[in-house]
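Architecture and fold: a report
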Amino acid sequence: QKGGFKHFMLKEISEEDEALANTIYAHIFNDKINMDIDEELLKKTDKITIVACGTSYYAGLTSKYFFEELLSIPVNVEIASEFRYLKPIFTQNSIFIAISQSGETADTKESLNLAKSFGVKTISIVNVQESTIARLSDYVLYTLAGPEISVASTKAFVCQLAMLYLFALKIAQLKGIEIKPYLNELMSLPSILKTEFSRLNTEVEKIAKKYANVKNFMYLGRGLSYPLALEGALKLKEISYIHAEGYPAGELKHGPIALIDENTPTFVIAPNFEPLYSKTISNANEVKARNGKIILLSDKFSNIADDFVQVPNTSYFFSAFVNIVPLQLFAYHIANILGNDVDQPRNLAKSVTVE
Ligand code: F6R
């Protein structure tokens, strides 16, 4: 059942290449993106509001950078339990997107109902077929991650992100924007993940063994690596029960740097993209000056690193798809070394149907 893996979580991380390929190829024919959504609606979209919880929220937040770069339209990403009690501001041609692996999350569902009450067209990105959120929305884009059994979301995150990128590319295509290079890069990701999984797994396990007794971790990133820092910290918290903070790297000096000492290692996520790479490395130097250890995730080495995970080279906007893998693996290996119930962490449920 676990395909030779000790836990579903590791099996599910190892399946990310296939999940991604299934999700992407269901929508691409002859370099065109097919989605069963009213094209007139997409062409005139002037604002996108994305609402979700937890890891699904971080997928939304990561995609914002790509949407805005590509389409130059504002994208608001909101936490569902906050959004549903706000007075939402929609424009005439707003689109609302709910993201949910389970399709049953109560706050996400109520946010969707709120958007509908304003007459806004709604799209859901869900993994579970025929789930409540899928049934309530005007259009559904199914991620084809397959069943996700482990409570911690891993392959669903990667598929949600891919679907959001595909959706952005669909709108771009309708607006006559050249999307071929982006589409090619998206299509190259499954084979990159397939090739790199076992190397990353072995390297990250070694690093996890070194840090398994640590009580506090910091995660830093800039640009779209910032939501990844949040997601990396969330994964570690939920399955290893270790305290972790995710921050935009530039915010460090505004407070959290006070937490840094020789016992608080910092994950630094720094894709080789200027000026973000140099700025992030300079933040890592500030950590180093306080005796903090640095675990660097990048496609470019820096001697600032105490431990370095070489991630495959991609362009900046696609770096999230490769950087997420070592972050998930690190949380997994720490939790496994600590002997935790990895697939069923304490206090958590796979589907949160209460508010
Ligand atoms: C974290 C995790 C949760 C879910 C959140 C939303 O690993 O699994 O944070 O992402 O509860 O769940 P869905 O996507 O089912 O709405």
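Quick note: structure is the one above.
Cut-off values and rules
- Residues numbered from 1 in each chain as written.
- Predicted model: local features only at pLDDT ≥ 70, side-chain atom pairs only at ≥ 80, totals over all residues.
- Heavy atoms only, no water.
- Pairing = 2+ DSSP bridges.
- Helix = DSSP H or I, 4+ residues; strand = E, 2+ residues; numbered from the N terminus.
- Axes fitted to C-alpha atoms, helices over the stretch in contact; angles between N-to-C directions.
- Contact = heavy atoms within 4.5 Å.
- Near = heavy atom within 4 Å.
- Polar contact = N/O pair within 3.5 Å; in protein donor to acceptor, adjacent residues only side chain to side chain.
- Areas by Shrake-Rupley, 256 points an atom, 1.4 Å probe, with all protein chains shown as cover.
- 1 Å grid on protein atoms, 1.4 Å probe; cavity = no way out; pocket = protein on both sides within 12 Å on 5 of 7 lines; lining within 4 Å.
- Sits in = over half its atoms within 2 Å of the grid points.
- Core = buried A, V, L, I, M, F, W, Y, C linked by side-chain atoms within 4.5 Å.
- Buried < 20%, exposed > 50% of the residue type's maximum accessible area, 1.4 Å probe, protein only.
- Parallel < 35°, antiparallel > 145°, perpendicular 65-115°, else oblique.
- Left-handed = near helix turned anticlockwise from the far one by under 90°.
- Nonpolar A, V, L, I, M, F, W, Y, C, P; charged D, E, K, R; others polar.

Some details on the sheet that holds strand 12 (residues 307-310)
Reading across the sheet, the five strands line up as 9-8-10-11-12 and stay open at both edges, with parallel pairing between neighbours. Lying at the two open borders of the sheet, with one neighbouring strand each, are strand 9 (243-248) and strand 12. Going across the sheet, the axis of each strand differs from the next one's by a mean of 15°, ignoring polarity. By the bridge criterion, four bridges tie strand 11 (residues 294-298) to strand 12 in an arrangement that is parallel. Within strand 12, the position partnered with I295 by the bridge is D307. Its contacts with the sheet put helix 10 (residues 225-240) on strand 8 (216-221), strand 9 and strand 10 (266-269), and the angle it makes with strand 9 is roughly 175°. Contacting strand 8, strand 10, strand 11 and strand 12, helix 12 (residues 319-337) runs over the sheet at an angle of about 160° to strand 10.

Describing the site of the ligand
For the ligand, the set of nearby residues contains 13 residues, the closest of which are S56, S100, Q101, T105 and E238. Residue S153 places a main-chain N or O atom 2.9 Å away from an oxygen atom belonging to the ligand. Computed on the free molecule, the ligand has an accessible area of 410 Å², of which 89% lies beneath the protein chains in the complex. The site holding the ligand turns out to be the largest pocket. Every element with two or more residues in the shell around the ligand is listed here: helix 4 (54-71) and helix 10.

Some remarks on the nonpolar core
F167, F217, Y219, F321 and F330 are the most contacted members of the largest nonpolar core, which totals 94 residues. The greatest single-element share of this core, amounting to 13 residues, is contributed by helix 8 (residues 155-174). Beyond its immediate chain neighbours, meaning those up to four positions away, Y219 contacts A229, G232, A233, L236, A244, E245, G246, Y247, F267, L327 and F330. Judged by nonpolar contacts, the second largest core, of 16 residues, contains M218, I260, Y277 and I304.

Let's talk about the packing of helix 4 against helix 8
Between helix 4 and helix 8, the shortest axis-to-axis distance is 9 Å and the interhelical angle comes to 25°. What the angle tells us is that helix 4 and helix 8 run roughly parallel. Considering how the two elements wind past one another, helix 4 and helix 8 form a crossing that is right-handed. Note on element contacts: helix 8 touches helix 4 through F157, Q160, L161, L164, Y165, F167, A168, L169, I171 and A172, opposite T55, S56, Y58, A59, G60, T62, S63, F66, F67, L70 and L71. The residue inventory of the contact of helix 4 with helix 8, partitioned by class, reads 15 nonpolar, six polar and no charged.

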